[in-house]
Number of protein chains: 2
Amino acid sequence: MDESKHRPPKSKASSSPVPKAVVSRLSLYLRELQHHVREGQETTNSGQLGAQLGFTDAQVRKDLAYFGQFGYPGIGYRCDELIKKIRIILGTDVQWPVALIGVGNLGRALLGYKGFRHQGFRIAAAFDANPKMIGRTIEEVAVSDLANLSEIVQTHNIKLGLLAVPAEAAQTAADQLVAVGIEGILNFAPVTISLPEHVSQVGIDLAIELEQLSFAVLKQRPAAD
Amino acid sequence: MDESKHRPPKSKASSSPVPKAVVSRLSLYLRELQHHVREGQETTNSGQLGAQLGFTDAQVRKDLAYFGQFGYPGIGYRCDELIKKIRIILGTDVQWPVALIGVGNLGRALLGYKGFRHQGFRIAAAFDANPKMIGRTIEEVAVSDLANLSEIVQTHNIKLGLLAVPAEAAQTAADQLVAVGIEGILNFAPVTISLPEHVSQVGIDLAIELEQLSFAVLKQRPAAD
DNA sequence: TAGATTGTTAATCGATTAACAATC
DNA sequence: TAGATTGTTAATCGATTAACAATC
């Protein structure tokens, strides 16, 4: 049976899938626009926005075009307006309650990180396997037993999880998060974790980022030292 | 004058520039290989390595081919051997002393992070603007005044910097790092910083990573909640 | 030898850039 | 109106995948 015979004609409705790179640039545009507003700038344009981030003007316009028409020909973009639009696209026009798993070194830093709030995230609950941690309150967030994960995730309607546990514990913890209905995991553990298709994942491996830097530095001076 | 007439014939020597995406996958291969070794696996192959990370076998082989021939037809790759090769490529076959700027929440977590050491990095010095922090020792690293940056960077032969200061202070601190000869900066501040061409930069913006997750989760359930 | 898997070339696919009519 | 800048299409560029001879 020839599948192609049964494909619906390409319609505008089946909106082209948005490349991941576009979405990450969207976040950069947002950050830059917020900076503009703090500086008192009311409008900007694709040329300026791109130059500051090292992209071409065409790329900025193309990226935004995936989601709609936000600019004014001859003028550019109104910062506050575009900020609102991008936040709606990213889903951060409303605040997401987030669960933190693991309150070790890194977990506690995340609890204290002030940058989340303004961008639409709030750590609503924290968990740890260590009995000595359970019951403590850090940065006004109580540390709970993982046994209570399901209940707390439900009451706070939590969809996102920050995974800040040791590498050996990461997959198990991730499985627990999936089991209680978490839909997205930001994984700080330096291991690959497997998740079902419907659960999104972003990984941050601090050592890997330093490796990228190491390579870049080495490349600069081909045969040095 | 026709430049093309004077181009040297393409030689293997003028190695094609390596795409950034290739290098970041290289780090993932390394992490996976190290995991294999911990599990007692001696060899692997492009199919296995790719499957675990969600890449095709062809991609794995192509990526590695940028740097040389590391495999054995019919066999695959010897894990310990490939690990060594990748570390040399990334530059982490030797340990890099790193400077940390800012010992707030995040900076202290970085000081305590155990994952750096095994991958070839060591925080050799820490700095802060806050007089109350200067003189303290955290995780066996003394916190120094930024006034001593130049001297300490030189004595430890530090090339890489971790920038964990507030957004407002990031550009100034980056300028100071550049001034003392730092060649690469891992920037945790949620702002775009401008650096001279010869200084490499990698940025980690925690809120942006969560935004990517938010978007991905939203996409999963088109019109929900 | 037969089976497996590499390294590499060619084909495909997707993303970026250039160009320009439309518009403020 | 003239000047600036958008949104969008077509052209270019680069990255991924498929295919396969070479090799263990």
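See the structure above.
What you see is a predicted model; the values in this text were computed from it and never measured.

Brief notes about the overall build of chain A
So, step 1. Along chain A, the regular secondary structure elements total nine helices and nine strands.
So, step 2. Dimensions of chain A along its principal axes, counting C-alpha atoms only, are 60 × 60 × 45 Å.
So, step 3. The buried share of chain A, taken over its 225 residues, is 48%.
So, step 4. For chain A, contacts bridging at least 24 residues in sequence account for 57% of all contacts bridging at least 6.
So, step 5. When the accessible surface of chain A is totalled, it reaches about 11,700 Å², and 52% of it is carbon and sulfur.
So, step 6. One finds the centroid of the 23 positive side-chain charges in chain A at a distance of 5 Å from the centroid of its 23 negative side-chain charges.

With respect to the interface of chain B and chain A
So, step 1. Of the residues lining the interface, 65 residues belong to chain B; the matching set on chain A comes to 65 residues.
So, step 2. Counting each side, the surface lost to burial between chain B and chain A is near 5,400 Å², with a carbon and sulfur contribution of 65%.
So, step 3. On the chain B side of the interface with chain A, the three residues burying the most area are B:Arg31, B:Leu210 and B:Phe215, jointly 12% of the side's total.
So, step 4. Between chain B and chain A we count two salt bridges in total.
So, step 5. Among the ionic pairs, B:Asp205 bridges to A:Arg31, the shortest N-O distance being 2.9 Å.
So, step 6. On inspection of chain B and its partner chain A, the count reaches 24 residue pairs in polar contact (both at pLDDT 80 or more).
So, step 7. If you tally residues by element for the side of chain B that touches chain A, the top one is helix H10 (residues 206–220) of chain B, at 14 residues.

So, the pattern of salt bridges
Residues and elements named next belong to chain A.
So, step 1. Counted under the stated rule, the structure contains twelve salt bridges over all chains.
So, step 2. The salt bridge partner of Asp63 is Arg25, with a shortest N-O separation of 2.6 Å. Of this pair, Asp63 sits in helix H3 (residues 57–65) while Arg25 sits in helix H1 (residues 20–38), placing them 38 residues apart in sequence. Taken individually, Asp63 and Arg25 each receive the classification buried, so the pair is uniform in this respect.
So, step 3. In this structure, Arg78 engages Glu81 in a salt bridge whose closest nitrogen and oxygen atoms are separated by 3.6 Å.
So, step 4. For Arg78, a relative accessible area of 38% puts it in the partly exposed group.

Observations concerning the packing of helix H2 (residues 20–38) of chain B against helix H5 (residues 79–90) of chain B
Two measures define how a pair of helices packs: the angle their axes make with one another and the distance between the axes.
All names here are of chain B.
So, step 1. Viewed as axis vectors pointing N to C, H2 and H5 meet at an angle of 145 degrees, and their least axial separation amounts to 9 Å. Here H2 and H5 pass one another in a crossing that is left-handed. Contacts between H2 and H5 involve Val23, Leu26, Ser27, Tyr29, Leu30, Leu33, Gln34, His36 and Val37 on the former and, on the latter, Cys79, Asp80, Leu82, Ile83, Ile86, Arg87, Ile89 and Leu90.
So, step 2. For the contact of H2 with H5, the per-class residue count stands at twelve nonpolar, three polar and two charged.

Side note on the protein's contact with DNA strand D
So, step 1. Residues in contact with DNA strand D amount to 22 residues; listed here are only the nearest, A:Ser46, A:Arg61, A:Phe70, A:Gly71 and A:Tyr77.
So, step 2. What you see for DNA strand D is that sugar and phosphate hold 68% of its atoms within 4 Å of the protein.
So, step 3. Interatomic distance of 2.9 Å between a backbone N/O atom of A:Phe70 and a phosphate oxygen of DNA strand D.
So, step 4. Contact distances for DNA strand D include 3.1 Å between a phosphate oxygen and a side-chain N or O atom of B:Arg25.
So, step 5. Those elements that provide at least two residues to the surface near DNA strand D are H3 of chain A together with helix H4 (57–65) of chain B.
So, step 6. Tallying contributions element by element places H4(B) first for the surface near DNA strand D, with four residues.
So, step 7. Considered class by class, the residues forming the surface near DNA strand D number eight nonpolar, nine polar and five charged.

Some remarks on the environment of A:Val23
So, step 1. Following the sequence through the fold, A:Val23 ends up in helix H1.
So, step 2. Apart from residues no more than four positions distant in its own chain, A:Val23 is found in contact with A:Val18, A:Leu90, B:Gln212 and B:Phe215.

A short note on the protein's contact with DNA strand C
So, step 1. Neighbouring DNA strand C are 22 residues; B:Ser46, B:Arg61, B:Phe70, B:Gly71 and B:Tyr77 lie closest to it.
So, step 2. Among the atoms of DNA strand C close to the protein, meaning within 4 Å, 68% are from sugar or phosphate groups.
So, step 3. A:Gln59 is positioned such that a nitrogen or oxygen atom in its side chain is 3.2 Å from a sugar or linking oxygen of DNA strand C.
So, step 4. Between DNA strand C and B:Tyr77 there is a distance of 2.8 Å, counted from a phosphate oxygen to a side-chain nitrogen or oxygen.
So, step 5. Listing elements by their share of the surface near DNA strand C, those giving two or more residues are H3 of chain A together with H4 of chain B.
So, step 6. In terms of residue count, H3(A) provides more of the surface near DNA strand C than any other element does, four residues in total.
So, step 7. For the surface near DNA strand C, the residue count by class is eight nonpolar, nine polar and five charged.

Conventions used here
Here the residue numbers are simple positions, counted from 1 along each chain's written sequence. Going through the entries in the order they are written, you letter the chains from A and number the ligands from 1. The predicted nature of this model means local features are confined to residues of pLDDT at least 70 and side-chain atom pairs, given and counted, to a pLDDT of 80 or more, with totals for whole chains, interfaces and linings taken over all residues. Only hydrogens and water are removed before side-chain values are computed, so all heavy atoms of the structure are retained for them. Secondary structure elements follow DSSP: runs of H or I no shorter than four residues count as helices, runs of E no shorter than two count as strands, and numbering proceeds from the N terminus. Only protein chains enter the calculation, and the probe is 1.4 Å; a residue is then buried if its accessible area is under 20% of its type maximum, exposed if over 50%, and partly exposed in between. It only takes one pair of heavy atoms within 4.5 Å for two residues to be counted as in contact. Method for areas: the Shrake-Rupley scheme with a 1.4 Å probe, in which residue coverage is limited to the protein chains shown. Charge assignment: positive for Lys and Arg, negative for Asp and Glu; neither His nor the chain ends contribute. Every charge is mapped onto a representative atom, which is NZ of Lys, CZ of Arg, CG of Asp or CD of Glu. Here the quantity called buried area is the accessible surface, traced with a 1.4 Å probe, that two parts lose on coming together, added over both. Here, a salt bridge means any Lys or Arg side-chain nitrogen found within 4 Å of an Asp or Glu carboxyl oxygen. Pairs of N or O atoms are called polar contacts if they sit within 3.5 Å, as long as, within protein, a hydrogen donor faces a hydrogen acceptor (for residues adjacent in sequence, only side-chain-to-side-chain pairs). Comment: axis = line fitted to C-alpha atoms, over the contacting stretch for helices; angle = value between 0 and 180 degrees taken between N-to-C directions. Each crossing gets its handedness from the near helix: less than a right angle anticlockwise from the far helix is left-handed, clockwise is right-handed. Polar here means any residue other than Ala, Val, Leu, Ile, Met, Phe, Trp, Tyr, Cys and Pro, which are nonpolar, and Asp, Glu, Lys and Arg, which are charged; Gly is therefore polar. Only heavy atoms are used to decide nearness, and a residue is near a molecule or strand if one of them lies within 4 Å of it.

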